[in-house]
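Examination of the molecular architecture
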Amino acid sequence: MERAPEPENVTPAASPAPTTPGTPGAPLFSSIRVDSLSYERKSLPHCKCFFPGGWTPNHSCFTDFPTPTVSLTRKLGAEFVGTLILIFFATAAPIVNEKYNGAETLIGNAGCAGLAVMIVILATGHISGAHLNPAVTIGFASFRHFPWVQVPAYIAAQVSASMCAGFLLKAVFHPFLHGGVTVPSGPFWQSFMLEFIISFNLMFVVTAVATDTRAVGELAGIAVGATVMLNILVAGPGSGGSMNPVRTLGPAIATGNYSGIWIYLIAPPIGTVLGAATYTTVRLRDDEVEPSRPPRKFTQAGAEFVGTFVIIFAAAAASIVNEKYGGAETLIGGAGASGLAVMVMVVATGHISGAHLNPAVTLSFATFGHLPWAQVPAYFGAQVTASISAGFLLKGVYHPFLHGGVTVPSVSYWQAFLLELLISFNLMFVITAIVTDNRAPRQMAGIAVGTTVMVNILIAGFVASALHLLPDYNSIFCPKIRDRDSEYQSVNICRPGSGGSMNPVRTLGPAIAARNFKGIWIYMIAPPIGTIVGAAAYTAVRLYNDDDQVDLRRR
């Protein structure tokens, strides 16, 4: 039997969340909420420091907050211990990787940091909110989810924990500590952009699960840990994947290595504030959960844009990183990055727009009456625009390696078409079950759909090159593509199978940015057919009320 949460950490919903227009069936997520990351579920009161006549002495922007239920001393203690654990383990993994000649791999480094975040949130989130990051603290405070008066104390606890972890690592792993310091491996501007983007992604998800009662707060630890793992898979080889000023600061002080440290002190706070602002803009207002007040079209389109942008950027970036760094991602890492991106975006935006993130999914929902056809153009517009934006951002950040992120067939066209059809069928069968059937565990939608994406990519093929690993395969299946924007005569791109797109806009944006349209018709036609057949298959086998009554009589 599930243990009831303590009263001070629970914000019960007045009633189950009503169906969100545009979201298939009932809302993706509705349940009693467990507060795990923020000071208050709802925004703190608006400041009333000024009125037309001037200053109001009876109010303060810094002290007019609800009385906290946990003492500040306990919060700071939890924040110190949590940050110490996070910095030690997130830094120890790359040190071990350096000391033992790549034993951890990039996947191990990312997994260690993500798991550390997850367990600390589960252990201390109900005490301090488990910020563990000055950039997150500033992001919360900027939008009244945390009192500014407590910000200096939180940052001091986080910085102290970081320095303690740094010198503890130095004592344990000397002389291999340099492997744990996050430093740029390329131009400073490239690392700045990567840190900004991944910090934005982190805070978008954190704001969703920590401040919105419609998101799945119980999955906060898993969602945020998965986001950290995803971000390191994408940005680790380039910038180190810090996302956190104190992740860099403590090890840097312990080693005396301050190369590019300004990047890690400036980019994450900017990214987190913008990420929190973006979620605040697209989140549903209180009056929009009533059936009589449908959500603003801008809200749904905005959520679709951000979610689609993140999954296209992450999926293509993982492939590009694998090409650029000689197979650092591996097939499992690339598939994991795509699956994690889908999972965290479903958790973060599913209660707003339904988290389609794919024109083929939108088309299938509309075909079977789960989405009004009138909303389809707005969804398509947001998804296509996000894909093209992500494609050109990838081109700016990773030039000249963009071709590694384009899905093109490396087998015959009919084989690639069949692969895309089958994996799109599998994807939509699972989505239809989780999203439209009340008997399915809807709270697990993100995990179920993300896992399906990962399995599909493992089967249909990873989109990156590993030329040094597969020389015979390359000579037969990998096409030579001239990169007109680079100094190289040609690049050899190896994509076993079809690349595992499942999504027309996964292919479209990077293809436009790279000007590589080889076999693009496959990715425009096969996924919509596969998703419609998948939705039809689940609709044919699902249980209805009459079936339930028959089953009960049989029992």
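Take the overall build of the protein chain next. A count of helical and extended segments in the protein chain gives 18 helices and six strands. Expressed as a percentage of the 555 residues in the protein chain, the buried residues total 56%. Across the protein chain, every contact between residues at least 6 apart in sequence was considered, and the portion connecting residues at least 24 apart equals 80%.

Here we come to the packing of helix α12 (residues 376-398) against helix α16 (residues 504-514). Contact pair α12 / α16: the axes reach a minimum separation of 7 Å and the direction vectors enclose 45 degrees. Of the possible angle classes, the one that applies to α12 and α16 is oblique. When you trace α12 past α16, the crossing you get is right-handed. Of the residues in α16, those in contact with Gln383, Val384, Ser387, Ile388, Gly391, Phe392 and Lys395 of α12 are Val505, Leu508, Gly509, Pro510, Ile512 and Ala513. Classifying every residue of the contact of α12 with α16 gives eight nonpolar, four polar and one charged.

The next point concerns the side chain of asparagine 516. Relative to the helices and strands, asparagine 516 resides in the loop between α16 and α17 (520-541). Engagement of the side chain of asparagine 516 in a polar contact is seen with the backbone nitrogen of lysine 518, the distance being 3.4 Å.

A word on helix α5 (residues 188-211). Taking 1.5 Å per residue, 24 residues should reach 34 Å; α5 reaches 33 Å between its end C-alpha atoms and fits that length. A large share of α5 lies buried, amounting to 20 of its 24 residues.

Aromatic ring pairs are reported here in terms of the distance separating the ring centres and the angle at which the planes meet. This model, assessed by the stated rule, comprises 12 aromatic pairs. The interplanar angle of 80 degrees and the centroid separation of 5.4 Å between the aromatic rings of phenylalanine 204 and tyrosine 279 together place this pair among those described as edge-to-face. Of the two residues, phenylalanine 204 sits in helix α5 while tyrosine 279 sits in helix α8 (residues 261-282), which places them 75 residues apart along the sequence. Through pairs of rings, three or more aromatic residues link up here, namely Phe188, Phe192 and Trp262.

Bringing unusual backbone geometry into the picture now. Cis geometry is found at the peptide bond from histidine 174 to proline 175, where omega equals 10 degrees. Take proline 175: it is sitting in the loop between α4 (151-173) and α5. The phi torsion at arginine 144 lies on the positive side, around 65 degrees, for a residue other than glycine. For arginine 144, the location among the structural elements is in the loop between α3 (134-142) and α4. For arginine 144, a relative accessible area of 28% puts it in the partly exposed group. With a phi angle near 65 degrees, leucine 357 is a residue other than glycine that sits in the positive phi range. Residue position: leucine 357 is located in the loop between α10 (330-353) and α11 (359-367).

Applying the stated rule across the entire model yields four salt bridges. Aspartate 212 serves as the salt-bridge partner of arginine 283, at 3.7 Å between the closest nitrogen and oxygen. Taken together, the residues span a long stretch of sequence, with arginine 283 in the loop between α8 and α9 (297-324) and aspartate 212 in the loop between α5 and α6 (220-239) at a distance of 71 residues. By sharing partners, the salt bridges in this structure join Asp212, Arg214 and Arg283 into a single network.

What follows is about the nonpolar core. Ranked by size, the top nonpolar core spans 107 residues in total, and within it Leu230, Phe313, Met345, Leu394, Tyr398 and Ile431 carry the most contacts. Setting aside its immediate chain neighbours within four residues, methionine 345 contacts Asn201, Phe204, Val205, Val306, Gly307, Val310, Ile311, Gly350, Ala355 and Leu357. The next biggest cluster of nonpolar side chains, apart from the first, holds 10 residues, and it includes Leu169, Leu177, Val246 and Ala254.

This part covers the packing of α6 against α10. Where α6 meets α10, the closest approach of the two axes is 9 Å, and the angle between their N-to-C directions is 140 degrees. When the axes of α6 and α10 are compared, the pair comes out oblique. Both α6 and α10 take part in a crossing whose hand is left-handed. Contacts between α6 and α10 pair Ile222, Ala223, Ala226, Thr227, Met229, Leu230 and Leu233 from the former with Gly333, Gly336, Ala337, Leu340, Ala341, Met343, Val344 and Val347 from the latter. A class-by-class count of the residues in the contact of α6 with α10 yields 12 nonpolar, three polar and no charged.

A word on a nonpolar patch on the surface. Residues Tyr413, Phe425, Trp521, Met524, Ile525, Ile529 and Val533 make up a contiguous nonpolar surface patch of roughly 570 Å² in combined accessible area. Of all the elements in the fold, those that place two or more residues in the nonpolar patch are α13 (413-436) and α17. The dominant element in the nonpolar patch, judged by the number of residues it contributes, is α17, at five residues.

Before going further, it helps to spend a moment on the confidence of the model for the protein chain. The pLDDT averaged across the protein chain works out to 80; a share of 77% of its residues lies at or above 70. Predicted confidence is poor over residues 1-36, with pLDDT under 50, and the contacts of this stretch with residues over four places away or in other chains come to 99 contacts. Counted against residues more than four places away or in other chains, residues 38-65, with its pLDDT under 50, gives 56 contacts.

Structurally, glycine 391 is set in helix α12. Not counting the four nearest positions on each side in its chain, glycine 391 is found in contact with Leu402, Gly509, Pro510 and Ala513.

Next up on the list: the environment of proline 175. In this structure proline 175 comes out as exposed when scored by relative accessible area, which is 57%. As for proline 175 and threonine 255, which are separated by 80 residues in sequence, their C-alpha atoms are 9.6 Å apart.

Here the focus is the environment of leucine 86. Structurally, the position occupied by leucine 86 is in helix α1 (residues 72-99). Measuring from C-alpha to C-alpha, the distance between leucine 86 and leucine 132 comes to 7.8 Å, with 46 residues separating the pair along the chain. Leave out the neighbours within four places in its chain, and leucine 86 touches Ala113, Ala116, Val117, Leu132 and Asn244.

Cut-offs used in this document
Residue numbers restart at each chain and count upward from 1, following the sequence in its written direction. pLDDT decides what is reported in this predicted model: residues at 70 or higher carry local features, side-chain atom pairs at 80 or more are listed and counted, and totals for whole chains, interfaces and linings draw on all residues regardless. With hydrogens and water excluded, all non-hydrogen atoms of the structure serve as input to the side-chain values. Numbering goes from the N terminus for both helices and strands, where a helix is a DSSP run of H or I of at least four residues and a strand is a run of E of at least two. For each residue, the accessible area found with a 1.4 Å probe, counting protein chains only, is set against the maximum for its type, and the residue is called buried under 20%, exposed over 50%, and partly exposed in between. Residue contacts are counted whenever heavy atoms from the two residues lie within 4.5 Å of one another. Here an angle of 0 to 180 degrees is reported between the N-to-C directions of two axes, which are lines fitted to C-alpha atoms, with helices fitted over the stretch in contact. Each angle receives one of four descriptions, namely roughly parallel if under 35 degrees, roughly antiparallel if over 145, roughly perpendicular if within 65 to 115, and oblique otherwise. Two helices crossing with the near one rotated counterclockwise from the far one by less than a right angle form a left-handed crossing, whereas a clockwise rotation gives a right-handed crossing. The nonpolar class holds Ala, Val, Leu, Ile, Met, Phe, Trp, Tyr, Cys and Pro. Asp, Glu, Lys and Arg form the charged class, and all remaining residues, Gly among them, are polar. Polar contacts, as counted here, are pairs of nitrogen or oxygen atoms within 3.5 Å of one another; within protein the pair requires one atom able to donate a hydrogen and one able to accept it, and residues that are adjacent in sequence qualify only if both atoms are side-chain atoms. In a helix, the anticipated span is given by 1.5 Å times the number of residues less one. What counts as a ring pair is set by centres within 6.5 Å for rings of Phe, Tyr and Trp (its six-membered ring), and what kind of pair is set by the plane angle: stacked under 30 degrees, edge-to-face over 60, tilted for all other angles. A side-chain nitrogen of Lys or Arg and a carboxyl oxygen of Asp or Glu constitute a salt bridge if their distance falls within 4 Å. Each nonpolar core is a collection of buried residues, namely Ala, Val, Leu, Ile, Met, Phe, Trp, Tyr and Cys, held together in the definition by side-chain atoms within 4.5 Å. Patch membership is restricted to residues that have no salt bridge and whose relative accessible area is over 30%. Joining uses 9 Å for like charges and 5 Å for the nonpolar side chains Val, Leu, Ile, Met, Phe, Trp and Tyr. What sets the accessible areas is the Shrake-Rupley method with a 1.4 Å probe; for residues, cover comes only from the shown protein chains. Here pLDDT means the predictor's own confidence in every residue, given as a number from 0 to 100.

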